[in-house]
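Structural overview for review
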Amino acid sequence: ISLMKTQNSGVILNLASIASSVGISDRFAYSMTKGAVLTMTYSIAKDYINHNIRCNCISPARVHTPFVDGFIKENYPGKESEMFENLSKTQPIGRMGIPQEIADLALFLCSNESSFITGSMKGEAGAAKLPLPLTLPFPPNGEAGAKGDGGEAMRVPGAKPKEELHFPQFTALM
C-alpha cells in the first residue's frame, strides 16, 4: 500500500465467497472469514480513497473447478454426471460458474474501465442471493446440512439425503 500511496493510485482486489454475505449453515469459520474479507474490503476502500487507491471484492457463488470434479469422482463413483447436474441445479442460474468468468471480472475490476468502482462486492454469480436452494446440501455422512432463507433444510434436487453432495463454496482463484 505504501507504494500505491506514493504513486497516488492503485487497485486492491480481494477474493471472498458468496458466503461473505449470506452465511452457510454449519460453516461458521468459513462464512466468518469470508465476511471478514468483505468488510476488510470496505474499510480499505474508505481508508485509502483519498490516495486514489480502489479496493473491491469478488464474492462468487459455486464455481466449477477441478476440485469439484475430483470431489464428485471420489465421493460418488459412477454417479458423477448425476451429482454434477444436481449440484448445478442448486444455483439459481442453473449452473456453476467457470473460472474464466471470475478471471474476466477480476480483469475488469483491476482495469481503468472500472475506475469509478471502489468499496464494492461483485460476482454474486448465478444470482446467488435469490431465495432458492443455493447453499450447501446435506453431506454424505448425514450430518446437518445447509438451510434456506426460511430455516428449512435444503437438499440437492433428485438426490437422496445421505447421497447428497457436500463441499464448501469454492472458487479457483482463492
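Notes on the structure in this doc start here. Since the model is a prediction, treat every value here as computed from it, not as a measurement.

Positive phi is not limited to glycine here, since N8 has a value of about 55°. Position of N8 among the secondary structure elements: in the loop between α1 (2-7) and β1 (10-15). For N8, a relative accessible area of 40% translates into the label partly exposed. A positive phi angle, near 60°, is found at N52, a position not held by glycine. Mapping N52 onto the fold places it in the loop between α3 (28-48) and β2 (53-58). For N52, a relative accessible area of 45% translates into the label partly exposed.

So, on to helix α6 (residues 99-110). Across its 12 residues, α6 extends 17 Å between first and last C-alpha, which sits within 8% of the 16 Å expected from 1.5 Å per residue. Buried residues of α6: I102, A106 and L109, and no others. For α6, the angular spread of the buried residues around the axis is 65°, confining them to a single face. Summarising the contacts, the buried residues of α6 are in contact with β1, β2 and β3 (121-122).

Let's shift gears to the sheet that holds β2. Taking strand neighbours across the sheet as the criterion, the three strands line up as β1-β2-β3 in an open arrangement whose pairing is parallel. Each edge of the sheet is formed by a strand with only one pairing partner; in this case those strands are β1 and β3. Looking at chain direction, β1 and β2 are connected through six bridges and run parallel. Bridge pairing links G10 to I53 in β2. The sheet strands contacting α3 are β1, β2 and β3, and the helix crosses β2 at an angle near 165°. The strands touched by α6 within the sheet are β1, β2 and β3, with β2 carrying the most contacts at an inclination of about 165°.

What follows deals with helix α5 (residues 80-89). Among the residues of α5, M83, N86, L87 and S88 are the ones counted as buried. Where the residues of α5 are buried, they touch α4 (66-75).

So, about the environment of V68. Looking at the secondary structure, you find V68 in helix α4. Residue classification places V68 among the buried positions, given a relative accessible area of 0%. In this structure the C-alpha to C-alpha distance between V68 and L87, which are 19 residues apart in sequence, comes to 9.9 Å.

Quick notes on the rules
- Residues numbered from 1 in each chain as written.
- Predicted model: local features only at pLDDT ≥ 70, side-chain atom pairs only at ≥ 80, totals over all residues.
- Heavy atoms only, no water.
- Helix = DSSP H or I, 4+ residues; strand = E, 2+ residues; numbered from the N terminus.
- Buried < 20%, exposed > 50% of the residue type's maximum accessible area, 1.4 Å probe, protein only.
- Expected span 1.5 Å × (residues − 1).
- Arc of directions from axis to C-beta.
- Contact = heavy atoms within 4.5 Å.
- Pairing = 2+ DSSP bridges.
- Axes fitted to C-alpha atoms, helices over the stretch in contact; angles between N-to-C directions.

Don't take any of this as a statement about function, it's just geometry.
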